[in-house]
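Here is how the chains run, residue by residue.
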Amino acid sequence: MTLPRLAAHGVTIGYDGRTISTGLTVEVPDGSFTAIIGPNACGKSTLLRTLARVLSPTAGEVVLDGRAIREYRSKEVARRLGLLPQTSLAPDGIRVADLVARGRGPHQSLIQQWRAEDESAVADAMAATQVAELSGRHVDELSGGQRQRVWIAMLLAQQTPIMLLDEPTTFLDIAHQYQVLELLRSLHDQQKTIVAVLHDLHQAARYADHLIVMKDGAIVTTGAPADVLTAELVEQVFELPCVVSPDPVTGTPAVYPRLTD
């Protein structure tokens, strides 16, 4: 049996002296589009940041490519997985091409810095995210949707097989949300492993092929959306009576609240 490239085994995690989760064990299927879902403050972002080594567990291990992630040097981790945080702040006055180029940092050294392959990686990332025409613009001049595509371009330029994104659609209008999700699905189709914290259950079921469902710091269940996203689960986890029916466009599970007078 082949072990997944990224997994957490019995981790106890939290921040600022507060424990959020105890004894979590979860695996990210290789090549999956995994969505972490659950109510606010249930530990989704804490789990994602622990998988990315931003937070260190007080017990247990996160394992990356067969080794405890804590054993790697920072640049080694950054060549294997990339993280887009929930809130990203660009330096004042930075241009799009320069921000995307920062994704090449893990591949450079004091001896060998900017190379033709770095230039190619940046160009390919901007083309894939459709921000090439914005290359000379200042990031702070862009719309929210444009900025998010630029941040994803920077992550893509990092050229990691695993991409972690914390609420990548937050603060975007509905059209830009779907643009970002379509982009992530296209990257997944190119054999990237995508792990994203998402709030919208309909979007999670439509785009992800694997769900990690959390509540109160614990993993409730994991699996394919069609297998785990039921009316019973939504009411148990989100305390929302609902009907779950096939999406009329995609056939994936769609959640419809069952409101009472």
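A brief report on the enclosed structure follows. (Residues numbered from 1 in each chain as written. Predicted model: local features only at pLDDT ≥ 70, side-chain atom pairs only at ≥ 80, totals over all residues. Heavy atoms only, no water.)

### A look at the pairing of strand β9 (residues 210–215)
Short version of the rule: Each residue's exposure class comes from its accessible area (1.4 Å probe, protein chains only) as a fraction of the maximum for that residue type: buried when under 20%, exposed when over 50%, partly exposed otherwise. Where helices and strands are cited, they refer to DSSP runs of H or I of at least four residues and of E of at least two residues respectively, numbered from the N terminus. Note on pairing: two strands pair once DSSP finds at least 2 bridges between them.
Most of β9 is tucked away: 5 of the 6 residues are buried. Relative to strand β10 (residues 218–223), β9 is paired through 5 bridges, and the arrangement is antiparallel. The residue of β10 that forms the bridge with M214 is I219. Following β9, the chain reverses through 2 residues before pairing antiparallel with β10; D216 in that reversal takes a positive phi of roughly 50 degrees.

### What to know about the sheet that holds β9
Across a sheet, paired strands are connected by hydrogen bonds in the backbone, their directions being either parallel or antiparallel. In plain terms, the rule: Axis lines are fitted through C-alpha atoms, for helices just across the contact stretch, and the angle between N-to-C directions can take any value from 0 to 180 degrees. Should any heavy atoms of two residues lie within 4.5 Å, those residues are counted as being in contact.
Strands sit in the order β6-β7-β8-β3-β9-β10 across an open sheet of 6 strands; the sheet is mixed. The outermost strands of the open sheet, each flanked by one partner alone, are β6 (81–84) and β10. The mean inter-strand angle of the sheet, taken between neighbouring strand axes irrespective of direction, is 15 degrees. Helix α9 (residues 231–238) rests against β9 and β10 of the sheet, and its axis sits at about 35 degrees to β9.

### Quick notes on the sheet that holds strand β5 (residues 67–68)
What the 4 strands build is an open sheet, ordered β2-β1-β4-β5; its pairing is antiparallel. This sheet does not close on itself; its edge strands, each paired only once, are β2 (18–28) and β5. Pairing between strand β4 (residues 59–64) and β5: 2 bridges, direction antiparallel. Pairing of V63 across the sheet is with A68, part of β5.

Remember, this is a structural readout, not a statement about activity or role.
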